[in-house]
Every structure is written in C-alpha cells, then in structure tokens.
Amino acid sequence: MRSGVIAQKLGMTRIFTDAGEHVPVTVLRLANCQVVGHRTKEKNGYVALQLGSGTRKAKTLTRAERNNFAIAKVEPKRKVVEFRVDEKAMIPVGAEITADHFLVGQFVDVVGTSIGKGFAGGMKRWNFGGLRATHGVSVSHRSIGSTGGRQDPGKTFKNKKMPGHLGVDRVTTLNLKVMQTDVERGLILVEGAVPGSKGGWITVRDAVKKKLPKDVPQPGKFRLAGDAAAGEAASAEAPPATETPAEGA
C-alpha cells in the first residue's frame, strides 16, 4: 500500500482526446508536498507517513509544531495529513512527492470537504419531492410533510431526514481516472468532479476498488531535498563551453 498525496483544488477545465471527444477534468496542484514525519510500530503502534503541503508563517505555530518541522528540516506546512502505508513503502523525511507519483490511466480515490450551503430545506438537502403544486396545498409546497411524531411513538426518531445544515462534510469520490500529469508545474488532472471549493485541500491516493497498475512506481515518485540544489550547483560550477580551432586552420 503506497502513500497518497495532499493536493489543492484549482478548478475544472476540459481536455480533448485523439478522437476529438472532450473530457471534463479537475485540476489538482501539489503545493510542495513533502514528508514531514514517520510513524512506526515500535514507537506509535502503526506504520504511516506524515505529509505536509502549502506554506505557513512560523509565528502562527505552537512551539511543539515548530519543533516537529525543525526536526524534519522542512518549512512549516499549512496542511498535514497521515497516510497508512506498508513498511516497504516508507519515503525519506524531507522528500517531495512529484506529480508522476500517479500514472496516466490509473484510478484514484479523492477525499475533500464539500462546499457549505448553510441551512437548507428537505427538498434541497435530501431531494424530497415536496407537496402538491396545485390546489389543496397552501403556502407549504416545499414542506417535508409529517415527521411521525404522534402519541405513538411520541417522538421524532434520531437521524430523521429533515431541514438543517448542508455541506462542509467529508466526501470521498471513488475511482476517478488520472488523465494527465505535469511534473514541472506539479499538476494532476483527474476525470470528473472533485468535492470541495476552489483552493480547498484534497487528499488523493490509489483506488481501493481498482487493481493497481504493474508499472506504478514503488514506493512512489519523489524528489529528495538535496537533488534540486545539487543540480543547480553543478550547473553553476560548470565552465562555459569553448570552441576549439580545427587543425590546419
């Protein structure tokens, strides 16, 4: 079982296939998603990776939070999530997970927080049909009707579908297909809609009800903290190329 990622929802667009068909997709961005901690059986009783994403000012953190990020040697993160993984799927602390962690064509499960809609009636919240829209009903066409509270049982049962707060719930969408990935910009395009508003935090991981592709990277696709710095230093130290004169010139 591999680790998932923390992404930020940017919005929806569409892409065109070779056959000319358009596919609606949701654009997810990996905002410097890094491993900030390990959870082991010896110390915590379970195996998991703690991931962080986004940026946050250090002055808004508690002393304990600042200490955890200092130990991991990573910048403070806006969002921190744990992913249960196998012992063989551990990724080093400080590594940044890239967009090619998921393969084009594989299926993923997406978890987000639905958009809040405030207080809603029964028709909007539970898709009730309402009362008759013709004569015989007066000023209560969108009513939910009886709630069953007469002398017997003398109460309304718990969890009865009634008007109330709608949205701001944890919603999981299963089996969304990965259509495209952009490693340089850290983008993942998944087919269909994803719960949450623009700018909201989303967790993405391998689908539990679909078979994982054989060529998926194990334990994942990531970039170590020193790789980018080493590449920049190497390019800076390299001497400029000079042309050598040909023999006999």
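Before reading further, recall that the structure is shown in the block above.
Before going into details, it helps to say that this report is about the structure given with it. (Residues numbered from 1 in each chain as written. Predicted model: local features only at pLDDT ≥ 70, side-chain atom pairs only at ≥ 80, totals over all residues. Heavy atoms only, no water.)

What follows covers the sheet that holds strand 7 (residues 107-113). Reading around the barrel, the six strands line up as 1-2-11-10-7-12 and close back on themselves, with antiparallel pairing between neighbours. Taken over all neighbouring pairs, the strand axes of this sheet differ in orientation by 50 degrees on average, direction set aside. (Pairing = 2+ DSSP bridges. Helix = DSSP H or I, 4+ residues; strand = E, 2+ residues; numbered from the N terminus. Axes fitted to C-alpha atoms, helices over the stretch in contact; angles between N-to-C directions.)

This part is about the side chain of Thr98. Positionally, Thr98 belongs in the loop between strand 6 (96-97) and strand 7. A polar atom in the side chain of Thr98 sits 2.4 Å from the side chain of Asp100. Ignoring anything within four residues of it in the chain, the contact list for Thr98 reads Leu30, Val183, Lys221, Phe222 and Arg223. (Polar contact = N/O pair within 3.5 Å; in protein donor to acceptor, adjacent residues only side chain to side chain. Contact = heavy atoms within 4.5 Å.)

Once that is clear, we can look at the packing of aromatic side chains. Taken as a whole and judged by the stated rule, the model has zero aromatic pairs. The positively charged end of Lys210 is found above the aromatic ring belonging to Phe107, 4.9 Å away from the centroid. (Phe/Tyr/Trp six-rings, centres within 6.5 Å; stacked < 30°, edge-to-face > 60°. Lys NZ or Arg CZ within 6 Å of the ring centre and 35° of its normal.)

Tracing the chain through its elements places Arg63 in helix 2 (residues 63-72). Separated by 125 residues in sequence, Arg63 and Ile188 have C-alpha atoms that sit 34 Å apart.

Oppositely charged side chains can form a pair if their charged atoms are brought close together. Here the structure, examined in full by the defined rule, presents four salt bridges. In this structure, Glu82 engages Arg39 in a salt bridge whose closest nitrogen and oxygen atoms are separated by 3.1 Å. Placement of Glu82 in strand 5 (residues 79-84) and of Arg39 in strand 3 (residues 34-39) is noted, with a sequence separation of 43 residues between them. Looking at Glu82, the relative accessible area reads 33%, which means it is partly exposed. Ionic pairing is found between Arg223 and Glu96, a salt bridge with its closest N-O pair at 3.3 Å. Of this pair, Arg223 sits in strand 13 (residues 222-223) while Glu96 sits in strand 6, and the two are 127 residues apart along the sequence. With relative accessibility at 29%, the residue Arg223 sits in the partly exposed group. Among the residues examined, Glu96 registers a relative accessible area of 23% and is labelled partly exposed. (Salt bridge = Lys/Arg side-chain N within 4 Å of Asp/Glu carboxyl O. Buried < 20%, exposed > 50% of the residue type's maximum accessible area, 1.4 Å probe, protein only.)

Looking at the element boundaries, Val178 is found in strand 10 (residues 170-182). Its relative accessible area of 1% is what places Val178 among the buried residues. Separated by 162 residues in the primary sequence, Val178 and Phe16 place their C-alpha atoms 14 Å from one another.

Our next topic: the pairing of strand 4 (residues 48-53). Burial of strand 4 is extensive: six of the six residues sit out of reach of the surface. Alternating residues of strand 4 divide into Ala48, Gln50 and Gly52 and Leu49, Leu51 and Ser53, and every residue in both groups is buried. Where strand 3 lies against strand 4, five bridges are found, and the strand directions are antiparallel. In the strand pairing of strand 4, His38 is matched with Leu49. Pairing of strand 4 with strand 5, which is carried by six bridges, proceeds in the antiparallel orientation. When the sheet's bridge partners are listed, Ala48 is paired in strand 5 with Arg84.

Now for the side chain of His101. Mapped onto the elements, His101 comes out in the loop between strand 6 and strand 7. Judged by relative accessible area, His101 falls into the buried class, the value being 0%. Within the structure, the side chain of His101 is placed 2.9 Å from the backbone oxygen of Ser3, a separation counted as a polar contact. Here the side chain of His101 touches Lys221 through a polar contact of 3.2 Å, landing on its backbone nitrogen. Filtering out sequence-adjacent residues up to four positions away, His101 remains in contact with Arg2, Ser3, Val5, Gln106, Val216, Pro217, Pro219, Gly220 and Lys221.

Counting 28 residues, the largest nonpolar core has Leu51, Val108, Ile188, Val190 and Val204 as its most contacted members. Among the elements of the structure, strand 1 (5-16), strand 4, strand 5, strand 7, strand 10, strand 11 (187-191) and strand 12 (201-206) are those that each provide at least two residues to this core. When near neighbours in sequence (up to four residues on either side) are disregarded, Ile188 contacts Thr26, Val27, Leu28, Leu30, Ala99, Phe102, Val178 and Gln180. Ranked by size, the runner-up nonpolar core spans seven residues in total, among them Val23, Val27, Met179 and Leu189. (Core = buried A, V, L, I, M, F, W, Y, C linked by side-chain atoms within 4.5 Å.)

Purely geometric numbers; function is a separate question.
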